[in-house]
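Residue-level structural notes
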Number of protein chains: 2
Amino acid sequence: MADSGSMSEPGRSHHPLAARAASTQDAALRERRAAIAELGDALRELVGLASATEVPADVLRQVAAQARQAATRLGRQTRTRTELPGADDLAGGFRMYNPVTGSGSALAPPLHIEVAGRAVVGTCTLGLAYEGPPAFAHGGTSAMLLDQLLGYAASAAGHPGMTVKLETRYLAPVPLQTPLRLTAEVSEVTGRHVTARGTLTTAADPDTVLVEASGEFVSLRPEQAARLFGGIRPDATDPQVAHD
Amino acid sequence: MADSGSMSEPGRSHHPLAARAASTQDAALRERRAAIAELGDALRELVGLASATEVPADVLRQVAAQARQAATRLGRQTRTRTELPGADDLAGGFRMYNPVTGSGSALAPPLHIEVAGRAVVGTCTLGLAYEGPPAFAHGGTSAMLLDQLLGYAASAAGHPGMTVKLETRYLAPVPLQTPLRLTAEVSEVTGRHVTARGTLTTAADPDTVLVEASGEFVSLRPEQAARLFGGIRPDATDPQVAHD
């Protein structure tokens, strides 16, 4: 199930006092998102080096102790799985921790996506942490990137939905530590069902397709959305980042 | 491209002196692998909490500084993408940093795989770091888990290969923080091509399929393997973990 990682600002009130309060809220939200992205950057670097390091075992154990200490600090205040992150804007499609695109996610390369006419274009570079066969990306990583990009293409075309089918064809291995370029476009819309197609290439050679994929997405009926997500509530632990 | 995450011990010599040297090497290798897994555990916890935390922005920035410091320590000695990790045993299918199964990978849940007769069974629990739609796993994560498991099934049946096609069908969303069970089995072998099929369910309700997949894998011809992996060499930075 892909979901959009697009940026969008929350709606602002036009009443002067409300606007002032909203402005303070916005500044706090921007500051929080910047801090989340800073931590995301640091963790991506740490996670990447953890898959590449050859330092002695005792140093690995010392770093593990540091990581546990850092985890304890983050664990002092957490959301549950029925609460949205305080810094997210689900309606606006802004999700800080998306495991493919989220600037706050240590799992995400992250994939950067832009709309280019009818197509969407994604760029990323995969480090050693994504290694499957020696020197190349794990096939599942390519599927994950393409699922996200195809879903984004469907959303960008006005048909957001959940993935119902993803077909990925691997034509050649995907090199690590090499700038990649992914493109996707909606190819068919039938009622609530949308099909998008996409490719993955290196940025240097966009004509040689390494992986291609097609995905089918379906928009939820209101009763399905209510059943799946009716229990989700905005995070209430940090009122300063709540917004309309 | 899936690759096996199976455990296998390196071959031991039977000459007494060689056996003694091998035993010291084995002890060092076991110690190194244990330290890698300890760091992997700590990083998975840290990464998971980073997607769940609601601590104030200044704490996020302090933890980011700690993470950068830890990364610097790991970065003092690293492999390149043409070097294998010192603790890996590629021929034996043992890979510490596989992004799905590796105990040393902060990206991996990790998925634990066991052979059960003709089938292979995988188990894992996905934390908030794998969230796509609120409270459910990202569709790409399910594809990644299944790619790995299907490839493992092909390997376990004696037909290791690279993924050429993966088709994933999503029947229902996959809940986070819930023990999952995946199964896969080879369904067809035609020359160098092997097809495997698999499913993903919750452990509590293995009869309700949430995601199903089929994958086609192809074994490399020697000249293909030489072209793709001929430049890969065992890591030479830590002789104590070299083994036959």
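Think of each chain on its own: its residues are numbered from 1, step by step along the sequence as written. Written order determines the labels here, with chains lettered from A and ligands numbered from 1. For a predicted model such as this one, the threshold for reporting local features is a pLDDT of at least 70, and the threshold for listing and counting side-chain atom pairs is 80 or more; totals across whole chains, interfaces and linings nevertheless cover every residue. In computing side-chain properties, one takes all heavy atoms of the structure into account and sets aside hydrogens as well as water.

1. Remarks on the overall build of chain A
Only DSSP runs of H or I reaching four residues or more are called helices, and only runs of E reaching two or more are called strands; each is numbered from the N terminus. Each helix and strand in chain A was counted, giving four helices and six strands. Reading the secondary structure of chain A in the N-to-C direction produces α-α-β-β-α-β-β-β-β-α. Exposure is judged per residue with a 1.4 Å probe applied to protein chains only, and the accessible area is read against the type maximum: over 50% gives exposed, under 20% gives buried, and values in between give partly exposed. Sorting the 244 residues of chain A into buried and exposed places 56% on the buried side. For chain A, the share of sequence-separated contacts (at least 6 apart) that also reach a separation of at least 24 residues comes to 66%. Carbon and sulfur atoms form 55% of the exposed surface of chain A, whose accessible area is close to 9,800 Å². The contact criterion used is simple: two residues touch if any of their non-hydrogen atoms lie within 4.5 Å. The method behind every accessible area is Shrake-Rupley, applied with a 1.4 Å probe, and residues are considered shielded solely by the protein chains displayed.

2. Details of the sheet that holds strand β5 (residues 193–202) of chain A
Two strands qualify as a pair provided that DSSP identifies no fewer than 2 bridges between them. On the basis of which strands lie adjacent, the open sheet formed by 12 strands has the order β1(A)-β2(A)-β4(A)-β5(A)-β6(A)-β3(A)-β3(B)-β6(B)-β5(B)-β4(B)-β2(B)-β1(B) and antiparallel pairing. The two strands at the open ends of the sheet, each matched to only one other strand, are β1 (112–116) of chain A together with β1 (112–116) of chain B. Across this sheet, the average inter-strand angle for adjacent strands is 20°, counted without regard to direction. Taken together, the eight bridges between strand β3 (residues 162–170) of chain A and strand β6 (residues 211–218) of chain A define a ladder with antiparallel strand orientation. Angles here are taken between N-to-C directions and fall from 0 to 180 degrees, while the axes themselves are lines fitted to C-alpha atoms, restricted in helices to the stretch in contact.

3. A short note on the packing of aromatic side chains
Working definition: rings of Phe, Tyr and Trp (its six-membered ring) pair if their centres are within 6.5 Å, and the pair is stacked with planes under 30 degrees apart, edge-to-face with planes over 60 apart, and tilted otherwise. Evaluated as defined, the whole model comprises two aromatic pairs over all chains. The interplanar angle of 70° and the centroid separation of 6.0 Å between the aromatic rings of phenylalanine 136 of chain A and phenylalanine 229 of chain B together place this pair among those described as edge-to-face. Residue phenylalanine 136 of chain A is located in the loop between β2 (119–125) and α3 (139–156), and its partner phenylalanine 229 of chain B is located in helix α4 (residues 222–229); the two belong to separate chains. A relative accessible area of 11% means that phenylalanine 136 of chain A is categorised as buried.

4. Considering helix α2 (residues 57–74) of chain B
For α2 of chain B, with 18 residues, the first-to-last C-alpha span of 26 Å sits near the 26 Å given by 1.5 Å per residue. For α2 of chain B, the complete set of buried residues consists of Ala57, Val59, Leu60, Val63, Ala64, Gln66, Ala67, Ala70, Ala71 and Leu74 of chain B. Take the residue count of a helix, subtract one, and multiply by 1.5 Å to get its expected span.

5. Remarks on unusual backbone geometry
Residues and elements named next belong to chain A. The omega torsion of the bond from proline 109 to proline 110 falls at -10°, within 30 degrees of zero and hence cis. With respect to the element layout, proline 110 can be found in the loop between α2 (57–74) and β1. One non-glycine residue, alanine 135, lies in positive phi territory at about 80°. Structurally, alanine 135 can be placed in the loop between β2 and α3. A relative accessible area of 6% places alanine 135 in the buried class.

6. Notes on the relation of the copies chain A and chain B
Least-squares fitting of one copy onto the other uses the C-alpha atoms of those residues that reach a pLDDT of at least 70 in both copies. Superposing chain A onto chain B takes a rotation of 180° plus a shift of 0.0 Å along the axis, which leaves an RMSD of 0.0 Å. Overall, the copies show the geometry of a two-fold rotation axis. Judged by C-alpha distance, glutamate 167 of chain A is the residue of chain A that lies nearest the rotation axis, at 2.2 Å. Looking at the interface residues of chain A, 100% of them are also at the interface in chain B, so both copies use one shared face.

7. Brief notes about the environment of glycine 132 of chain A
Positionally, glycine 132 of chain A belongs in the loop between β2 and α3. With 42 residues separating them along the chain, glycine 132 of chain A and valine 174 of chain A place their C-alpha atoms 9.8 Å apart.

8. Quick word on the interface of chain A and chain B
Chain A puts 95 residues into the contact, and the matching count from chain B is 95 residues. Here, a salt bridge means any side-chain nitrogen of Lys or Arg that lies within 4 Å of a carboxyl oxygen of Asp or Glu. Our count for the chain A to chain B interface comes out at 12 salt bridges. Among the ionic pairs, glutamate 131 of chain A bridges to arginine 79 of chain B, the shortest N-O distance being 3.1 Å. Pairing of N or O atoms within 3.5 Å defines a polar contact, subject to two protein rules: one partner must be a possible hydrogen donor and the other a possible acceptor, and residues neighboring in sequence count only if both atoms are side-chain atoms. For the pair chain A and chain B, the number of links is 42 residue pairs in polar contact (both at pLDDT 80 or more). Mapped onto the side of chain A that touches chain B, the elements with two or more residues apiece are α1 (16–50), α2, α3, β3 and α4 (222–229) of chain A. The biggest single contributor to the side of chain A that touches chain B is α2 of chain A, with 15 residues.

All we've got here are geometric facts, nothing functional implied.
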